[in-house]
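# Structural overview for review
The primary structure of each chain is shown beneath.
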Amino acid sequence: MIQPSFPGGTHPPGHKTATADARSEICPLPAELVIPLAQHVGAPALPCVTAGQWVARGQLVGRANGFVSVPVHASTSGLVTAVEPRPHPCGADLPAVVLQPDGADTWADEYQKQSFHVLSVEAMLERIREAGVVGMGGAAFPTHVKLDPPQGKVIDTVIVNAVECEPWLTADRRVLLEQTEKVLTGLEILQEISGADHAYIGLEDNQPDVARLLAPHCQKRGIGLAVLPTKYPQGAERQLIYAVTGRRVPARGLPMDVGVLVQNVGTIAALTDAVTRGRPLIERMVTISGPAVVRPQNLRVRIGTPVAHLLEHCGVTEEPAMVILGGPMMGSAQHTPAVPVVRGTSGVLAFRRQDLPTTTAGPCVRCGRCVNACPMNLQPTFIADFARRDELELAERFAARNCIECGSCSFICPANIPLVQSIRYAKGAILARRRRI
Amino acid sequence: MEPRTPLLIVSPSPHLHAGLTTRGMMGAVLLALLPAAATSIYLFGLPALRVLLICVVGSVAMEALWQKVADQPITVRDGSAALTGLLVAFNLPASSPWWLSLLGAALAIVVGKQVFGGLGHNPFNPALVARIVLLISFPSAMTHWTAPQPGRFLADAISAATPLSESQSAVMLTGHLPQHIIGFSSRYLLGNMPGCLGEVSALALLLGALFLLWWGVISWHIPISYLGTVTLLSGAFWLIDPSRYPHPAFHLVSGGLMLGACYMATDLVTSPLTSRGMLLFGCGCGLFTVLIRLFGSYPEGVAFSILLMNAVTPLIDRYVVPRPFGMDRSRELA
Amino acid sequence: MMAAVICLGSLGFVAALLLGMAARRFAVTVDPRQVALMDILAGANCGACGFPGCDAYARALVAGTAKPDLCRPGGAETLKRIATILGVAVTERPPQIAVVRCQGDLQHARLKYAYQGLQDCRAAQKLARGPKLCPAGCLGLGSCVQHCPFDALAIDSRGLAMVNRSRCTGCGLCVTICPRQVLALAPANETIHVLCNNRESSARVKSYCNAGCLGCRLCVRTAPESFVMDSFLAKVRYGYGEPSTMAEAIARCPHHCILNLDEQGNNQTLPTPHSVRERSTP
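Reference entry: report on the structure contained in this document. Note that this is a predicted model, so its numbers are computed, not measured. (Residues numbered from 1 in each chain as written. Chains lettered and ligands numbered in written order. Predicted model: local features only at pLDDT ≥ 70, side-chain atom pairs only at ≥ 80, totals over all residues. Heavy atoms only, no water.)

## Comments concerning the overall build of chain A
Under the convention used in this document: Put simply, DSSP H or I for four residues or longer makes a helix, DSSP E for two residues or longer makes a strand, and each gets a number counted from the N terminus. Our radius of gyration looks at C-alpha atoms and nothing else; its globule reference is 2.2 Å times the residue count to the power 0.38. Under this rule, positive means Lys or Arg and negative means Asp or Glu; His and the chain ends count for nothing. By convention, the charge on Lys lies at NZ, on Arg at CZ, on Asp at CG and on Glu at CD.
Along the backbone of chain A there are 14 helices and 17 strands. The C-alpha radius of gyration of chain A comes to 21 Å, within 12% of the 22 Å expected for a compact globule of 437 residues. Counting only C-alpha atoms, chain A reaches 60 × 50 × 50 Å along its principal axes. In chain A, 42 positive and 39 negative side-chain charges are present, and the distance between their average locations comes to 5 Å.

## Comments concerning the packing of helix α4 (residues 171–178) of chain A against helix α6 (residues 208–221) of chain A
All names here are of chain A. Defined as follows: Fitted lines through C-alpha atoms serve as axes, helices being fitted only where they are in contact, and the angles separating the N-to-C directions of these axes extend from 0 to 180 degrees. Any angle between 65 and 115 degrees counts as roughly perpendicular, while under 35 counts as roughly parallel, over 145 as roughly antiparallel, and the rest as oblique. With the far helix as reference, a near helix turned anticlockwise by less than a right angle produces a left-handed crossing, and one turned clockwise produces a right-handed crossing. Contacts are residue-level and defined by heavy atoms, with any inter-residue pair within 4.5 Å sufficient. In this classification, the charged set is Asp, Glu, Lys and Arg, the nonpolar set is Ala, Val, Leu, Ile, Met, Phe, Trp, Tyr, Cys and Pro, and all remaining amino acids, among them Gly, are polar.
The interhelical angle for the contact between α4 and α6, taken along N-to-C directions, is 30°, at an axis separation of 10 Å. Between α4 and α6, the interaxial angle falls into the category roughly parallel. Note on packing geometry: the crossing formed by α4 with α6 is left-handed. Here R173, L176 and L177 of α4 lie close against α6, whose contacting residues are D209, V210, L213 and L214. Its residues assigned to classes, the contact of α4 with α6 comprises five nonpolar, no polar and two charged.

## So, the sheet that holds strand β10 (residues 198–204) of chain A
Residue and element names in this part refer to chain A. Put simply, the test is: In this description, strands pair whenever DSSP reports at least two bridges between them.
Pairing is parallel in the open sheet, where four strands are placed in the order β11-β10-β9-β12. For this open sheet the edge positions go to β11 (224–228) and β12 (260–264), each flanked by a neighbour on one side alone. Taking the axes of each pair of neighbouring strands and ignoring which way they run, one obtains an average angle of 25° across the sheet. Taken together, the five bridges between strand β9 (residues 157–161) and β12 define a ladder with parallel strand orientation. Counterpart to I159 in the pairing with β12 is V262. Packing of helix α7 (residues 237–245) onto the sheet brings it into contact with β9, β10, β11 and β12, and relative to β9 it is tilted by some 115°.

## Here's the deal with the interface of chain C and chain A
Just so we agree on the cut-off: Buried area is understood as the total, over both parts, of accessible area removed when two parts are fitted together, assessed with a 1.4 Å probe. We count a salt bridge whenever a side-chain nitrogen from Lys or Arg sits within 4 Å of a carboxyl oxygen from Asp or Glu.
On the chain A side, the residues contacting the 16 residues of chain C number 17 residues. Summed over both sides, the interface between chain C and chain A buries roughly 1,500 Å², with carbon and sulfur atoms accounting for 55% of that surface. Across the salt bridge formed by D390 of chain A and R122 of chain C, the nearest N and O atoms sit 2.8 Å from each other. It is helix α5 (residues 121–125) of chain C that provides the largest number of residues to the side of chain C that touches chain A, a total of three residues. Residues of the side of chain C that touches chain A, tallied by class, amount to eight nonpolar, three polar and five charged.

## Section: the interface of chain A and chain B
Selection rule: Any pair of N or O atoms that falls within 3.5 Å is considered a polar contact. Within protein, one atom must be able to donate a hydrogen and the other to accept it, and sequence-neighbouring residues count only if both atoms are side-chain atoms.
In this assembly, 62 residues from chain A lie in contact with 40 residues from chain B. At the boundary of chain A with chain B, total buried surface from both sides reaches about 4,300 Å², with 61% on carbon and sulfur atoms. Between the two partners, chain A and chain B, sit one salt bridge. D317 of chain B is paired through a salt bridge with R366 of chain A; the nearest N and O atoms lie 2.9 Å apart. Joining chain A to chain B, the criterion identifies 17 residue pairs in polar contact (both at pLDDT 80 or more).

## Some details on helix α3 (residues 54–63) of chain C
Residues and elements named next belong to chain C. To keep things clear, this is the line we draw: Between buried and exposed lies partly exposed: a residue is buried under 20% and exposed over 50% of the maximum accessible area for its type, with that area taken using a 1.4 Å probe on protein chains only.
Counting buried residues in α3 gives seven out of 10 residues, a clear majority hidden from the surface. Listing the buried residues of α3 in full gives C54, A56, Y57, A58, A60, L61 and V62. As for α3, its buried residues are in contact with α2 (32–40) and α4 (75–86). Just beyond α3, the residue with positive phi is G64, at close to 80°.

## Brief notes about the packing of helix α10 (residues 202–215) of chain B against helix α13 (residues 257–264) of chain B
Residues and elements named next belong to chain B. Taken N-terminus to C-terminus, the directions of α10 and α13 make an angle of 15°; their axes are 9 Å apart at the nearest point. If you check the angle between α10 and α13, you find them roughly parallel. The hand of the α10/α13 crossing is left-handed. For the pair α10 and α13, the contacting residues are A202, L205, L206, G208, A209 and L212 in the first and M258, L259, C262 and Y263 in the second. Residues that form the contact of α10 with α13 fall into these classes: nine nonpolar, one polar and no charged.

Take a look at the structure:
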C-alpha cells in the first residue's frame, strides 16, 4: 500500500545510532529530587505535603486542580525538604516539591496487578487520571481529558505514535522494544475506553527491526502496522494522522474531529501501568545524548531528577554550551542544568559550542524553501516578516495560528532566519489581542 | 559582579540547521557556472577572460563600495555580488570594451540590487537589468559579435552574427530561414557560435544546471516549464511553416535560453516562492520568449521575458498560495 | 493634419467629460473640520489615541465618538486647537514623557543565559522568560526603539534603552511594547525618578543586580512626602517633591537608583543615527 505523505517536511540527520540499540538502564537516584507541581497542560497541582514530611514512593504530593489537571506523586520515598519555587523547564522558577530520597524506595500501598477487563471504562479513566498520566511525547496534555471526548465525538481509530522523528531521541523506540507487551495491552485499553474499531502503530521505516518485531503481534491482534517513509515532522499529530489514515484534521479542530486518537508509546506504557497496577507516572524513559555526552544512553529516570545529575551520570566531554530538554527540533534550551526531568521530557541533549549553528541571520533571499518544507502548507517567510513588523492582521490572514512550530522552516532556511521564533511571537500576540478584544 | 561560570546558550528551537546557507547556495551556482565560463574562454580567448574578470571584480568592488558609502555592513562575502558579476559577464559579448563591462557590473549592483535595499529586496534580476540597460544604451557595442575561434586564445576577432539574429534578418529580408538553420546542426549544442559569453554552450550550462538540481539549490519547476513552453510553442510554429520558423531544438540551444532558464529565471530572489507559482512563472517566460523571438523586433527575447515575469512575481506570490493543511478552501490571502 | 487635430481634440474632450462625470459621481464629502483636524494632529500615526492613525482619530473626533484629549504627542497646543475647531471646552492634561526604569547594564545586572535569536525583546522574553536574571530589567534588544514613531528611543552604549527627552512626546507606545514594563510615563517636568522596576525583596534584587532598588525605605524615611513604597520598590510621588530633601534621599540611596536626570545628563543624550537604525534581522 502506498501511504499518503503529509506535505512538506525535512530530513534532519538522525544521530540515533549512539543510543538506539543499547538496553535502557535504571538511573541511580540523585541526592535531591525536584518535582514540579506543573508538569502538564492545565492548572498546576496543589501541594498536599509540607516540608519535613516523609513520603512513600508513589504517594500523592500534589492534588489535581480541576478537570484539565493531574495529580503529582513522589518519585521515591524520602523526606520533603521544601515546597518552594525551583527552576522549571519553562524557564521560570515554579513551585516544586523538593524531596530528599531515603534510599529505601518504599512503595506506598500498591494495587494487585489485575486485568483491565474487569474494570469499567469509568474506573479505568479514574485510574489514569489519578496516576497523573499525560502525553509523554512532549506536549504533556492530560491523557484522561483526551480519552474523554465531549458528547457526539466518535473515535473509530487509535494510533500509537512510535514515530519519534526528532534526531537523537530513541526513548520511544526503547520502550517499544523493551515493553512491547505493555504497549500492546495499553492499545487494547485505549480501544476499550474509546470504543475504536481500528488500531494502528505508526512507525518510520528507519526502524525496520521494530517493525519486524511488531509484525507478528500486530497480525495476531488485528492491529495495523503503518511503516511510514522517514520524514520530519512525522510524529506531529496532524501529520501522523494524515500519513496513517489519509484524514486531514481541520485547522481549528482536534484529532477527535476526524475520529482519531493518537497516543505516544511512552504514554501508553504509563497508562497500562496505571490501569493494571494502579501505578502513578513517576518514572519515564529518557534519552541522554548529544555530542557533548560521553556515554549516551537511554535511562529510566525518576520524575524530578535534575538534568545535572543525568549529565554527571553519563559524563560530559566538556562544559556543555547548550542543554536541551526534548529533541533538537522542538525541544527547549535550558538556562540551567538544575532543571528537573518532568513527565514530558523525552530527551536530554548536550551540545558543545562547536556543534551549534553559528552563522547569523541574513536577509531573506526568497528561495521558498520554508514554503516547501512547511508541513502545514503555510508561508513561513511572509508570516515571520509580518510578525517582525507587528502586522498581526496580515499574519493571521496567512494562517499564522496554524503553525505547529515544528521548526522545519528555520532548519532549512539558508539565511538562518529564526522564522519559528517570529511566528511563535505572532501566535502569542494574536491570541493576546483576541483576549483583549 | 562576576558572572557565573559560562552561561548556557539559549536559542529558539530548532537547534539544528540543514547546513546549506545563502553563501553555500551562491557558491554552488558559481561552481555550476564554471564549465560555461571555461567554455567561453576556450571559444573566445583572452577577451572573454578579460570581460569575466572585469565584471566579477567590478561587481564585488561596487557592492563593497556602495555598502561602505551607505554605512551598511559589508556583505560581499555572501557571494551574491560575485555571482551577479559573473552573470553580467555571461550576458556580454566577448568584444565588450572594458568600460562596458565595468558599467554593466555597476549597473547590476547599484541599479539592479542596492537601490532596492540589497540582497533579497530587488524585484528584477540585477544581471538582466544591466544587460537590458546596456543593450538599449549601447546597441552596437552590445551586438558586436565575434566568431568563436576554439583554442586560439590570441587570435584576431572576426565579426559575425548570432544564429538568432541571422535567422531573424533572413526571415525579414527573404521571408524564409537560411538553409544552415533549417538543417540545424549539433555544433550549436557545444557552443560553437557567436553570441554572449555565457549563452553559447548549452551543454556546459546544462551540466551545471544538473549539478544545481542534484545539490538542491534550484528546483526543476522553472527550467522545465520554461524550456517546455518554448519547445511546445516554437514546435507548433515550426509545424505550421518549417521554412519560416526554426526547429524547436534550434530555439533551445541558441541565444540565451539555456542560461536564462537555468540560471537567470531561477534566481531565488526574483522568482515565485511556491512550486505552482514557479511553473506559472516558467510558462510565462517561455511564452514571452517565443513571441519576442518570432515576432518581436529584437532577435532575442529571453532577458525581456524574464524581466517581464519578474515584474509579475509579486502578483504570482500573492495569488498562487498553498492551501493551509486542514483548511477547506484557500482563504482570501493578502 | 486636420484629422489628427480633430481626433486628439475629441479624444481629449471625451476623456475630460468622463473625468468630470466621475468626479461628480464618486465625490467623497469630507467634513471640513476633519480636514482641519488632520492638519493639526501630530501626523505620526502612533496609535496612542487608540485609533488606527490620525485620520481615524480625526473622523472619530468629528463624529463625536472620541475625546479630544487623546492626542498625546500633540500635547497642550494641539488640544487647544482641537477644542477651538470642535467648539468644546477641555481641561489640559499635563504633558508626559517616557522613563526607562532600569540601570541594570552588563556591569551591574547578571545574565540568566546567553541569548541567541531574534533581536526583539518580546521574542526573547518568551525564551525562559528573558536572558536577564532580573525579571523586570531592560533587555536592551530594542523593541521599543524599533517601534517609537518619534525616534525618541535608542539603545545606549550600556545596552539599555534610553529616552531622548526632547523628542519624546509621551505617546506611550513603548510602554505597551515593552514586555517587562520597564518603560513608564511620568510627568514631563519631573526629572527625579527611581530607575528600577523590580518589586521583589532585597535578597532577590541583590542576587540579580547591584543597581536595583532594594526596598530599604531610606528614601521614604528621608523624604516621606516625596517617595512611596510599592511592595519593595520605591516610587517618586510626582509633584510632591521638595528639592533639598529629595537631593538628600538621592544621596542616601545605597544602590544609586534614584536619579535626577537633569544633573546626571543620563537619558538625555541625543541618539546617534547608528543606534537608532534597526539592527535586527531584516
